[in-house]
Amino acid sequence: MVATMSVTGYAAQLLEGVRSIEWAPVGETVARGEVLAVLDAVKAACEIPSPLSGEVLDADLTTVRLLMSDPSELSELLTEVEYAMLIG
């Protein structure tokens, strides 16, 4: 199963604009919680932990696709409604 991920608009707004995102290299395997990307923004630079485990298939300026190694991790992610409630 392939997961497509990106930085949310809310996160980009909090950081006052994303300048660049350096995703993990294609072919690299990341575990949940390990660094998936380094984000450079107006307010800060930060490491972005991977919400899922798997192999990086491809990435562009805004998104990354990951071949999941453990699809059961999906059940631990926030739903769209839970995320909306979290950010208010």
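It should be emphasised that the depicted structure is a prediction, and the values quoted were computed from it without experimental measurement.

## Re helix α2 (residues 80–87)
Move 1: Little of α2 sits inside the fold, with zero of its eight residues counted as buried.
Move 2: A positive backbone phi angle near 80° is found at G88, which sits one or two residues after α2.

## What about the sheet that holds strand β4 (residues 35–41)?
Move 1: Pairing is antiparallel across the open sheet formed by three strands, whose spatial order is β2-β4-β5. Unpaired on one side and paired on the other, β2 (18–23) and β5 (45–49) mark the two borders of the sheet. Sheet twist, expressed as the average angle between the axes of neighbouring strands with direction ignored, equals 25°.
Move 2: Sheet topology places β4 next to β5; five bridges connect them, and they run antiparallel. Across the sheet, A37 pairs through a bridge with I48, a residue of β5.

## Re a nonpolar patch on the surface
Move 1: On the surface, a nonpolar cluster with roughly 470 Å² of combined accessible area is contributed by Y10, L14, L78, L86 and I87.
Move 2: When contributions to the nonpolar patch are tallied by element, the ones reaching two or more residues are α1 (9–14) and α2.
Move 3: Mapped onto the elements of the fold, L14 is located in helix α1.

## Describing the layout of surface pockets
Rolled over the atoms, a probe with the dimensions of a water molecule shows which regions are left empty.
Move 1: If you add up the space inside the largest pocket, you get close to 730 Å³.
Move 2: Around the largest pocket, the lining comprises 26 residues; the ones closest to its centre are S6, V7, T8, P51 and Y83.
Move 3: Going through the elements one at a time, β1 (2–6), α1, β4, β5 and α2 are the ones with two or more residues in the lining of the largest pocket.

## What about the pattern of salt bridges?
Side chains bearing opposite charge may pair, as long as their charged atoms lie close to each other.
Move 1: Tallied over the full model, the rule gives three salt bridges.
Move 2: A salt bridge links E76 to R32; the nearest nitrogen and oxygen atoms lie 2.3 Å apart. Of this pair, E76 sits in the loop between β7 (63–68) and α2 while R32 sits in the loop between β3 (29–30) and β4, and the two are 44 residues apart along the sequence.
Move 3: Residue classification places E76 among the exposed positions, given a relative accessible area of 51%.
Move 4: Take R32: its relative accessible area is 34%, and that puts it in the partly exposed class.
Move 5: A salt bridge links R65 to D58, with the nearest nitrogen and oxygen atoms 3.0 Å apart.
Move 6: For R65, a relative accessible area of 32% translates into the label partly exposed.

Reading the values: the criteria
- Residues numbered from 1 in each chain as written.
- Predicted model: local features only at pLDDT ≥ 70, side-chain atom pairs only at ≥ 80, totals over all residues.
- Heavy atoms only, no water.
- Buried < 20%, exposed > 50% of the residue type's maximum accessible area, 1.4 Å probe, protein only.
- Helix = DSSP H or I, 4+ residues; strand = E, 2+ residues; numbered from the N terminus.
- Pairing = 2+ DSSP bridges.
- Axes fitted to C-alpha atoms, helices over the stretch in contact; angles between N-to-C directions.
- Patch = residues over 30% accessible without salt bridge, like charges linked within 9 Å, V, L, I, M, F, W, Y side chains within 5 Å.
- Areas by Shrake-Rupley, 256 points an atom, 1.4 Å probe, with all protein chains shown as cover.
- Salt bridge = Lys/Arg side-chain N within 4 Å of Asp/Glu carboxyl O.
- 1 Å grid on protein atoms, 1.4 Å probe; cavity = no way out; pocket = protein on both sides within 12 Å on 5 of 7 lines; lining within 4 Å.
- Points joined across faces, edges and corners; volume = space filled by probe spheres on them.

No statement about biological role is implied by the geometric values presented.
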